[in-house]
Structure formats: structure tokens, C-alpha cells
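# Chains, contacts and geometry: an overview
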Amino acid sequence: LLYSALGAAALALLNLASVALYTAAWWLLQLRQNRAAIALIWFEVLAHAAAGSLLLGWEADFHLFLLLFVPGIVVGSPHRGALPLMALLLASYAGLYLACKAWAPLSPLPAAHLEVARWFNIVMVFGLFYAVAAFYRRRVRGAEKVLRQLARVDALTRLANRTHFHERAAAELSRARRDGQALSLMLADVDHFKRVNDEHGHHAGDLVLAEVARVMAAALREHDVLARW
């Protein structure tokens, strides 16, 4: 609609084609064809940036969309594998600049319309960079949360592990001394547990530990701490 209003019919048709390609990429993602979907998105952005720059000229800032590949290349590539891709992206950027200097604009717009198109692209790139950064931030925070849980939770019983117990115990002892309050510590043992392992196997022993942990956890108050020693 925007490019139709600006009198850039070719770019309006290009945007319709882009919508079709992104719809196809979304469909491929639903089918778990991730590589094909990503390749289609790369093709669309490269083609869109090149066509827009050649049609309206370098000043329309379609070339800024190529910079959106930088975070994906750096994060998604193996060690040192990002350098060749970054060099290829830089070469593509430079090649597009030279092509625009030689041939663009193939379909020039009035200066006022070109300014609208330029700022539309700038706003779009800022918004997409924000979306990309927010995506990676969520991924990093999610990974940190998982790592913290792995470092503090016993995998079998889902209780606090010994490391987490030491941290909480030190904090609670310090608080109890400061406030002059009593503090209770209970150490519980499972009777005849060695016999369970010997007669029924370690898998059965694991089931017993997990069930004992579940029963004990259900009997605690919200601020109590239950850990596997």
C-alpha cells in the first residue's frame, strides 16, 4: 500500500512477492524444514535489498536490511565459520553499492517520496534489529535459567542439591544470628536403603528416593528448604 501510494508499482509488486516467500518460509518451519526456510528468507532479503536499491537508488537505504544478517551469522555459525560468511556479506554489500553507482535508480521517485521510502526502511530496520536482539536475549536468559537450575537442583529427586543447601544454610545461619532467632535442621535417612539397592537394583532405589523426596516436599512449608545430601 505504501509503495503504491508513492507511485512505485514495481516495489509494490516486490512486496507482494515477499509476503508470498515469507508465507512459504513459515509453512516450511511448520514442517520442520528449517534449513530450507532459512535459505528462503536469506534469498528474499538479498533479492529485496538488491531490487529496492537498484529501483530507487542507494539513498533509499534498502541496503540496511543486509546488516540484519550479521547477528545470525555470528551466533549461528561454528567457531571461525562466521568470518567467510561475513566476508561474503561485505562483498555483496560492496557489490550492490557499485551496481547502484553504475545503474540506479532504474525507477526514480520524486525527492519527497524517496524520503518517505527511506525513513520507512530505517524504521523497519530499527524494529527488526530490536526483534532480533530481543530474541537472542530471551534465548540467553533461558539458557542461563537452565544452567542455574542444573547447578542447584538434584536431577533425580528435583530437590536442592548439596551446593544449593550450603548456600541457603549459610544465608539462614547468618540471618538467624543477626535476628536472634532459632533455626532448625533435620537430617533424615531412609531405613534399609542398601537392602533395596541390593535386592531390587539401583533403578528401584532411585524410585524410592524420588518418592520419599516427593512425600517430604509435600509436607513442607513454603519457606522451608529440602535438599538431597
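Just above sits the structure.
Note that this is a predicted model, so its numbers are computed, not measured. (Residues numbered from 1 in each chain as written. Predicted model: local features only at pLDDT ≥ 70, side-chain atom pairs only at ≥ 80, totals over all residues. Heavy atoms only, no water.)

## Points about the overall build of the protein
What the protein contains, in helices and strands, is nine helices and zero strands. Scanning the protein from its N terminus toward the C terminus, one meets helices and strands in the order α-α-α-α-α-α-α-α-α. Against the compact-globule benchmark of 17 Å for 229 residues, the protein has a radius of gyration of 30 Å, which places it well outside the compact range. Projected onto its principal axes, the C-alpha coordinates of the protein cover approximately 85 × 50 × 35 Å. A total of 229 residues make up the protein; the buried ones form 25% of that total. Counted over contacts in the protein with a minimum sequence separation of 6, partners at least 24 positions apart contribute 60%. Carbon together with sulfur atoms contributes 65% to the accessible area of the protein, which is approximately 16,200 Å² in total. On the protein, the mean spot of the 23 positive side-chain charges and the mean spot of the 17 negative ones are 4 Å from each other. (Helix = DSSP H or I, 4+ residues; strand = E, 2+ residues; numbered from the N terminus. Rg over C-alpha atoms; globule rule 2.2 N^0.38 Å. Buried < 20%, exposed > 50% of the residue type's maximum accessible area, 1.4 Å probe, protein only. Contact = heavy atoms within 4.5 Å. Areas by Shrake-Rupley, 256 points an atom, 1.4 Å probe, with all protein chains shown as cover. Lys, Arg positive; Asp, Glu negative; His and termini not counted. Charge placed at Lys NZ, Arg CZ, Asp CG, Glu CD.)

## Notes on the packing of aromatic side chains
A full pass over the atoms with the stated rule returns seven aromatic pairs. Judged by centre distance (4.0 Å) and plane angle (20 degrees), the rings of Trp42 and Phe69 are stacked. In this pair, Trp42 is assigned in helix H3 (residues 34–56) and Phe69 in helix H4 (residues 69–76), connecting sequence segments 27 residues apart. A relative accessible area of 8% means that Phe69 is categorised as buried. Among the aromatic residues, those joined into a cluster by ring pairs are Tyr3, Phe62 and Phe120. (Phe/Tyr/Trp six-rings, centres within 6.5 Å; stacked < 30°, edge-to-face > 60°.)

## Structural notes on H3
Look at H3: 33 Å from first C-alpha to last across 23 residues, which is about the 33 Å you get at 1.5 Å a residue. All buried positions along H3 are accounted for by Ala37, Leu40, Glu44, Val45, His48, Ala49, Gly52, Ser53, Leu55 and Leu56. Phi turns positive one or two residues past the end of H3, at Gly57, with a value near 105 degrees. (Expected span 1.5 Å × (residues − 1).)

## Digging into the pattern of salt bridges
Applying the stated criterion to the full structure yields nine salt bridges. Notably, a salt bridge pairs Arg118 with Asp61, separated by 3.0 Å at the nearest N-O pair. Linking Arg118 in helix H6 (residues 111–152) with Asp61 in the loop between H3 and H4, this pair joins segments that are 57 residues apart in sequence. Residue classification places Asp61 among the buried positions, given a relative accessible area of 10%. When the shortest N-O distance is used, the salt bridge between Asp179 and Arg178 registers 3.6 Å. Taking relative accessible area as the criterion, Asp179 reaches 40% and is therefore assigned partly exposed. Salt bridges sharing partners connect three or more residues here, namely Arg168, Glu172 and Arg175. (Salt bridge = Lys/Arg side-chain N within 4 Å of Asp/Glu carboxyl O.)

## Quick look at the side chain of Asn121
Relative to the helices and strands, Asn121 resides in helix H6. Apart from the residues within four sequence positions on either side, Asn121 is in contact with Tyr3, Ala60, Asp61, Phe62 and Phe65.

## Focus: the packing of H3 against helix H5 (residues 82–103)
Where H3 meets H5, the axes come as close as 9 Å, and the angle between the chain directions of the two elements is 25 degrees. In terms of their interaxial angle, H3 and H5 are classed as roughly parallel. At the point where H3 passes H5, the crossing takes the right-handed sense. Residue-level inspection shows Ala49, Ala50, Ser53 and Leu54 of H3 in contact with H5, the latter providing Leu96, Ala99 and Cys100. Of the residues assigned to the contact of H3 with H5, the class counts are six nonpolar, one polar and no charged. (Axes fitted to C-alpha atoms, helices over the stretch in contact; angles between N-to-C directions. Parallel < 35°, antiparallel > 145°, perpendicular 65-115°, else oblique. Left-handed = near helix turned anticlockwise from the far one by under 90°. Nonpolar A, V, L, I, M, F, W, Y, C, P; charged D, E, K, R; others polar.)

## A closer look at the packing of helix H8 (residues 193–200) against helix H9 (residues 202–218)
Packing of H8 against H9 brings their axes to within 7 Å, and their N-to-C directions diverge by 140 degrees. Comparing their axes, H9 and H8 come out oblique. Seen from H8, the contacting residues are Phe193, Val196, Asn197 and His200; seen from H9, they are His202, Ala204, Gly205, Val208 and Leu209. Split into classes, the residues belonging to the contact of H8 with H9 amount to five nonpolar, four polar and no charged.

## Points about helix H2 (residues 9–30)
Here H2 spans 32 Å end to end across 22 residues, near enough to the 32 Å set by a 1.5 Å rise per residue. Turning to H2, its buried residues are Leu11, Ala12, Leu14, Ser18, Ala25 and Leu28. Each element contacted by the buried residues of H2 is listed here: helix H1 (2–5) and H3. At the exit of H2 stands Arg32, carrying a positive phi of roughly 65 degrees.

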